[in-house]
Amino acid sequence: MNTETVTIKRIGPTSALKVSAAVGLVLGVVYAALGNLVINDAAERRAMIIVAVLGGAVGGGISGMVMAWIYNMALRLTGGLQLEISVGLDEKDKRVPPSIGSMMSSDE
C-alpha cells in the first residue's frame with residue numbers, strides 16, 4: 001500500500017459541535033448507568049440521569065466547537081495537522097484516492 005500525507009487545514013465548528021455532542025451524549029449515558037448503581041433514591045437517580053445525559057451532550061458540543069475554533073486559530077501559526085494515510089488499490093490495480101470529503105459535513 002502507498003502512503004500519502006494529508007494536511008487538515010480547517011475544522012468546521014458546526015461539524016465539531018455535532019460530533020462532540022454525540023460523543024458527550026454517549027458518555028453521559030454511560031455515566032448515568034454507572035451512577036444508577038450507587039444512588040439509592042429514585043428522585044436523585046432521575047435528576048442525575050437528566051444532568052449526565054443532557055450535560056454530556058451540551059457540554060461536549062460546546063467544548064468541541066470551542067476546540068475547533070482554537071485549532072483554526074492555532075493553524076495560522078503552524079500550518080495545520082498532517083496525517084499519513086494509506087491509499088489502497090481497486091480491482092484494476094488503479095490508485096484509489098482517500099475519501100477525505102466523506103468525513104466532512106455538508107455545511108462546510
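Here the structure is a predicted model, which means the values were calculated and not measured.

S.K.: Explain the environment of Ser63 to me, and be specific about the residues and the numbers.
M.R.: As for its position among the elements, Ser63 is in helix H2 (residues 42–78). On the accessibility criterion, Ser63 (38% relative accessible area) is partly exposed. For Ser63 and Gly24, which are 39 residues apart along the polypeptide, the C-alpha to C-alpha distance reads 9.7 Å.

S.K.: Lay out the nonpolar core in plain terms, naming residues and giving numbers.
M.R.: One finds Ala32, Ile39, Met48, Ala52 and Val53 forming the largest nonpolar core, which totals 5 residues. The biggest single contributor to this core is H2, with 3 residues.

S.K.: Let's hear about the packing of helix H1 (residues 13–38) against H2: which residues, and what values?
M.R.: Remark: H1 packs on H2, axes separated minimally by 6 Å, with the N-to-C direction vectors making an angle of 150°. Looking at the two axes, H1 sits roughly antiparallel to H2. Both H1 and H2 take part in a crossing whose hand is right-handed. Among the residues making up the contact of H1 with H2, the classes are represented as 15 nonpolar, 10 polar and 1 charged.

S.K.: Can you explain H1? Please cite residues and give values.
M.R.: Between the first and last C-alpha of H1 there are 37 Å, a value that for 26 residues agrees with the 38 Å anticipated at 1.5 Å per step. Turning to H1, its buried residues number three or more, namely Ser15, Ala16, Gly24, Gly28, Ala32 and Gly35. Buried-residue contacts for H1 involve H2.

S.K.: Now, about a nonpolar patch on the surface: what can you tell me, with residues and values included?
M.R.: A grouping of Val19, Val23, Val26, Leu27, Val30, Tyr31, Leu34, Leu37 and Val38 is seen on the molecular surface, where their side chains present a nonpolar patch of about 900 Å² in accessible area. By secondary structure assignment, the location of Leu27 is in helix H1.

Rules used in this analysis
- Residue positions are counted from 1 within each chain, in the order its sequence is given.
- The predicted origin of the model limits local features to residues at a pLDDT of at least 70 and limits the giving and counting of side-chain atom pairs to 80 or more, whereas totals for whole chains, interfaces and linings rest on all residues.
- The side-chain figures draw on all heavy atoms in the structure; neither hydrogens nor water molecules are used.
- A run of DSSP states H or I qualifies as a helix once it reaches four residues; a run of E qualifies as a strand once it reaches two. Both are numbered from the N-terminal end.
- Summary of the burial criterion: residues with accessible area below 20% of their type's maximum are buried, those above 50% are exposed, and those between are partly exposed, where the area comes from a 1.4 Å probe applied to protein chains only.
- We define a nonpolar core as any set of buried Ala, Val, Leu, Ile, Met, Phe, Trp, Tyr and Cys residues linked to one another through side-chain atoms lying within 4.5 Å.
- The convention used is that axes are lines fitted to C-alpha atoms, helices contributing only their stretch in contact, and that angles between N-to-C directions extend from 0 to 180 degrees.
- For classification purposes, angles smaller than 35 degrees are called roughly parallel, those larger than 145 roughly antiparallel, those between 65 and 115 roughly perpendicular, and all remaining angles oblique.
- Crossings are assigned a handedness: left-handed for a near helix turned anticlockwise from the far helix by less than a right angle, right-handed for a clockwise turn.
- Residues are grouped as follows: Ala, Val, Leu, Ile, Met, Phe, Trp, Tyr, Cys and Pro are nonpolar; Asp, Glu, Lys and Arg are charged; every other residue, Gly included, is polar.
- The span expected for a helix works out to 1.5 Å for each residue beyond the first.
- In what follows, residue pairs with any heavy atoms lying within 4.5 Å of each other are defined as contacts.
- In this scheme, patches are assembled from residues that exceed 30% relative accessible area and form no salt bridge. Like charges are connected within 9 Å, while nonpolar side chains (Val, Leu, Ile, Met, Phe, Trp, Tyr) are connected within 5 Å.
- The Shrake-Rupley method, run with a 1.4 Å probe sphere, supplies the accessible areas, and residue values consider only the shown protein chains as cover.
- The working definition used for a salt bridge is a side-chain nitrogen of Lys or Arg within 4 Å of a carboxyl oxygen of Asp or Glu.

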